[in-house]
Amino acid sequence: MTSRAIRRDAHAKLNVFLRVLRRRRDGYHELESLVVPISLADRVTVSPADSLYVEVSGAKELAGEVPAGGLNLALVAALAIADVCERASGARIRIYKRIPVAGGLGGGSADAAATISGLNELWGCGLDDAALADIGRRVGSDVPAMLAGRPVLMRGRGDRTTPASVVRLWWALVPFDFGVRAPDAYRWWDEDEDEDEGRTGPDPAALLSAAAAGDAEALGPLLFNDLEPPVFARHPEIGRAKERALEAGALGAVMSGSGSSVAALARDEAHAKALAKAFPGAMVCSGPP
Ligand code: C5P
């Protein structure tokens, strides 16, 4: 075990598109999604300790929402790698939160991924990327995508990833002071089954080409998320924020993951800053970082 602290930036993600294909027998949903890490990040630091524990700090309203024990995903991740690493021992895991909680930005999964990767180094486990992804898969559907540290196309439950090419894009990120729990969003998608057809979005080939070319003008109108209709029906303010972003001149706007955050696509940094001004608390970010 190394005696020094190991620090990782745990980057948030955006789902540039999220396609829900069907509900599976195990209760999860078969997905297709382009997941892109963005500049917004928590900071995760792991250092040697006698026992294994998590400390959470950051802006008061963020840190207060994240439990340090019990269901903290970073602690679950630490236990999962400890399970397969022969050299596992104690560790102090410090998380400095910047990513809104339950905002569809993958904050918890990012912290879990950074913890797995940091502890692999701290403890000298020597696990390769495939072994780390296996551990991540057991912790949460999004964790392998966050471990990849680059844009990926994710499929299956979310746990099957392949590298994707995305040129850096600028976004204004609109957070809400409430989150949407992923199980709720997917259950609402199930419940709205007989609403009408078109619950599964289009083949993403054109969107993937625009993202690979960095053609934000072409990409804007192609952004989509199949969880938007069920979530907007229960939280109309999220749908209104998307409309307002488009009215304010965003090239496109999409709810990330299961919500609540809305990402507005900009032409460049200056445009993202101008868009962010229209929303209190909005953040300018770019991705991949
Ligand atoms: O895998 P994870 O624990 O992050 O998923 C949280 C919840 O989101 C699941 O319990 C499930 O209700 C829902 N989910 C889903 N289909 C997916 C991913 C998540 O239904 N592909």
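Now for a look at the structure at hand. Bear in mind the structure is a predicted one, so any value in this text is a computation, not a measurement.

1. A short note on the state of the cysteines
Next, step 1: Under the definition given, this model contains 1 disulfide.
Next, step 2: Each sulfur in the disulfide pair C85 and C125 lies 2.2 Å from the other. Linking C85 and C125, the disulfide has an S-S dihedral of approximately -95° and is accordingly described as left-handed. One end of the pair, C85, is in the loop between α2 (73–84) and β4 (91–97); the other, C125, is in the loop between α3 (107–122) and α4 (129–139), and 40 residues separate them in sequence.
Next, step 3: Overall, C85 belongs to the buried group, its relative accessible area being 6%.
Next, step 4: Residue classification places C125 among the buried residues on the basis of a relative accessible area of 17%.

2. Let's talk about the nonpolar core
Next, step 1: Counting residues in each nonpolar core, the largest one holds 32 residues, and the members touching the most others are V20, L227, V231 and I238.
Next, step 2: In terms of residues, this core owes the most to one element, helix α6 (residues 182–191), which gives 4 residues.
Next, step 3: Split by domain, the residues of this core number at least three in each of domain 1 (6–163) and domain 2 (169–287).
Next, step 4: Ignoring sequence-local partners within four residues, the contact set of V231 consists of V180, A185, W188, I238, M255 and S258.
Next, step 5: Grouped together as the second largest cluster of nonpolar side chains are 29 residues, I6, A10, L122 and W123 included.

3. Here's the deal with the packing of aromatic side chains
Next, step 1: For the structure on display, the rule yields 2 aromatic pairs.
Next, step 2: Measuring from centroid to centroid gives 5.4 Å for F17 and F224, while their planes differ by 35°, and the two rings are tilted. Of the two residues, F17 sits in strand β1 (residues 6–23) while F224 sits in strand β8 (residues 224–225), which places them 207 residues apart along the sequence.
Next, step 3: The class for F17 is buried, based on a relative accessible area of 0%.
Next, step 4: On the basis of an interplanar angle of 50° and a centroid distance of 5.5 Å, the ring pair of F176 and F178 is categorised as tilted.
Next, step 5: Over the ring of Y28 we find R157, and its NZ or CZ is 4.8 Å from the ring centre.
Next, step 6: Its end group placed over the ring of W189, R199 keeps NZ or CZ at 3.8 Å from the ring centre.

4. Examining unusual backbone geometry
Next, step 1: Residue S260 is bonded to the preceding G259 through a cis peptide linkage, with omega at 15°.
Next, step 2: Following the sequence through the fold, S260 ends up in the loop between β9 (252–255) and β10 (262–266).
Next, step 3: A cis amide bond links G287 with the next residue in sequence, P288, at an omega value of 0°.
Next, step 4: Secondary-structure assignment places P288 in the segment after β11 (283–287).
Next, step 5: You will see that A102, though not glycine, has its phi angle at about 55°, which is positive.
Next, step 6: Mapped onto the elements of the fold, A102 is located in the loop between β4 and α3.

The rules behind these values
- The residue numbers shown here count from 1 along each chain, following its written sequence.
- Local features in a predicted model are, by the rule used here, given only for residues with pLDDT of at least 70; side-chain atom pairs are given and counted only at 80 or more, and totals for whole chains, interfaces and linings are based on all residues.
- Working from all heavy atoms in the structure, the side-chain values ignore hydrogens and water.
- Disulfides are defined as cysteine sulfur pairs within 2.5 Å.
- Strands are runs of DSSP state E lasting at least two residues, helices are runs of H or I lasting at least four, and both sets are numbered from the N terminus onward.
- Exposed residues in this analysis have more than 50% of their type's maximum accessible area, buried residues have under 20%, and partly exposed residues fall in between, with area computed by a 1.4 Å probe over protein chains only.
- Nonpolar cores were defined as sets of buried Ala, Val, Leu, Ile, Met, Phe, Trp, Tyr and Cys residues, with membership established by side-chain atoms within 4.5 Å.
- What marks off one domain from the next here is an automatic or database domain assignment.
- Throughout, a residue-residue contact means that at least one pair of heavy atoms, one from each residue, lies within 4.5 Å.
- Only rings of Phe, Tyr and Trp enter the pairing, Trp through its six-membered ring, and a pair is recorded when the two centres are within 6.5 Å. The plane angle decides the type: under 30 degrees is stacked, over 60 is edge-to-face, the rest tilted.
- For a ring to carry a charge above it, either NZ of a lysine or CZ of an arginine must fall within 6 Å of the ring centroid while also lying within 35 degrees of the normal to the ring plane.

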